[in-house]
Amino acid sequence: MGKLTVRALRVVLVVVLVGTVFVQAGMVWALAAKPDDGSLPLTSFRVITILGMVSAQIALVCVWRLVTMVRRGTVFSHTAFRYVDGVIGAIVAAALLWFAVTAVNAPGQRDDPGVSVIMAGIGLAVLGVALIVLVLRMLLAQAVARDGEAARMQAELDEVI
């Protein structure tokens, strides 16, 4: 990964992280300072948004750590699995939160239930992204195994020479 690519990705990660913190602060302030007259859906949407921002922040931190590992050339190690698992968990959490938004929004969509179906489809698509990252994790596992095997063979070759 080139220096320009790493810098550009880090700028994007920082901007998104700052944006999510800003949105979270606004939502927490809205929950604390502006009562919504007992309107359960609005409170639920705000809590779900705050939790959604937490899942995004977890994914951002994990991606940051993976980019750092790529830059150092240490991504093909068992340490990387922790961060890839963090990304997968954050994506699954985001999908579950989206399903919660769909459930909270569903009673208001009785006249047009297609909206709820589309929202559920979006949740399934997000789960699909988690499955793609899981496949990439399996590829990383194969690469780590091959890297270990190559190191072992190199050590044997060094002994022979």
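Attention here is on the structure that accompanies the text. (Residues numbered from 1 in each chain as written. Predicted model: local features only at pLDDT ≥ 70, side-chain atom pairs only at ≥ 80, totals over all residues. Heavy atoms only, no water.)

## Looking at the environment of V23
Next up, step 1: Its place among the elements puts V23 in helix α1 (residues 3-33).
Next up, step 2: Those residues within four positions of V23 in sequence are excluded, and the remaining contacts are T49 and M53. (Helix = DSSP H or I, 4+ residues; strand = E, 2+ residues; numbered from the N terminus. Contact = heavy atoms within 4.5 Å.)

## A look at the nonpolar core
Next up, step 1: Within the largest apolar cluster, 15 residues are counted, with the highest numbers of intra-cluster contacts made by L66, M69, A80, V84, V133 and L140.
Next up, step 2: For this core, the element with the highest residue contribution is helix α3 (residues 79-105), accounting for seven residues.
Next up, step 3: The contacts of A80, once residues within four sequence positions are left out, are L66, M69, V75 and L140. (Core = buried A, V, L, I, M, F, W, Y, C linked by side-chain atoms within 4.5 Å. Buried < 20%, exposed > 50% of the residue type's maximum accessible area, 1.4 Å probe, protein only.)

## A few points about α1
Structural remark: α-helix, 3.6 residues per turn; residues separated by three or four positions point the same way.
Next up, step 1: Its 31 residues place the ends of α1 44 Å apart at the C-alpha level, agreeing with the 45 Å of an ideal helix rising 1.5 Å per residue.
Next up, step 2: Taken together, the buried positions of α1 are V6, L13, T20, Q24 and A30. (Expected span 1.5 Å × (residues − 1).)

## Some details on the packing of aromatic side chains
Next up, step 1: This structure, assessed with the given rule, holds zero aromatic pairs.
Next up, step 2: The ring of W64 has R10 lying over it, and the distance from NZ or CZ to the ring centre is 4.8 Å. (Phe/Tyr/Trp six-rings, centres within 6.5 Å; stacked < 30°, edge-to-face > 60°. Lys NZ or Arg CZ within 6 Å of the ring centre and 35° of its normal.)

## Some words on the side chain of S55
Next up, step 1: Locating S55 in the fold gives a position in helix α2 (residues 40-72).
Next up, step 2: Excluding anything up to four places from it in sequence, S55 contacts A90, A93, A94 and L97.

## Examining the layout of surface pockets
Next up, step 1: In this structure, the largest pocket spans a volume of roughly 330 Å³.
Next up, step 2: In terms of lining residues, the largest pocket is bounded by 14 residues, among which L66, V75, V84, L136 and L140 are the most central.
Next up, step 3: Among the secondary structure elements, those contributing two or more residues to the lining of the largest pocket are α2, α3 and α4 (114-160).
Next up, step 4: A class-by-class count of the residues in the lining of the largest pocket yields 13 nonpolar, no polar and one charged. (1 Å grid on protein atoms, 1.4 Å probe; cavity = no way out; pocket = protein on both sides within 12 Å on 5 of 7 lines; lining within 4 Å. Points joined across faces, edges and corners; volume = space filled by probe spheres on them. Nonpolar A, V, L, I, M, F, W, Y, C, P; charged D, E, K, R; others polar.)

## Describing the environment of D111
Next up, step 1: Here D111 shows up in the loop between α3 and α4.
Next up, step 2: Considered as a pair, D111 and Q57 are 54 residues apart in the sequence and their alpha carbons are 36 Å apart.

## Comments concerning a nonpolar patch on the surface
Next up, step 1: Taken together, I132, V135, L136 and L139 make up a surface patch of nonpolar side chains, about 370 Å² in accessible area.
Next up, step 2: Summarising the element assignment, L136 is placed in helix α4. (Patch = residues over 30% accessible without salt bridge, like charges linked within 9 Å, V, L, I, M, F, W, Y side chains within 5 Å. Areas by Shrake-Rupley, 256 points an atom, 1.4 Å probe, with all protein chains shown as cover. Salt bridge = Lys/Arg side-chain N within 4 Å of Asp/Glu carboxyl O.)

## A short note on the environment of I132
Next up, step 1: Relative to the helices and strands, I132 resides in helix α4.
Next up, step 2: Residue class for I132 comes out exposed when judged on its relative accessible area of 54%.
Next up, step 3: Taking the C-alpha atoms as reference points, I132 and R46, 86 residues apart in sequence, are found 29 Å from one another.

## A look at the pattern of salt bridges
Next up, step 1: Applying the stated criterion across every chain, the model contains one salt bridge.
Next up, step 2: A salt bridge links D85 to R137; the nearest nitrogen and oxygen atoms lie 2.5 Å apart. With D85 in helix α3 and R137 in helix α4, this residue pair connects regions lying 52 residues apart in the sequence.
Next up, step 3: Taking the relative accessible area as the measure of exposure, D85 reaches 34% and is therefore partly exposed.
Next up, step 4: You can call R137 partly exposed: its relative accessible area is 24%.

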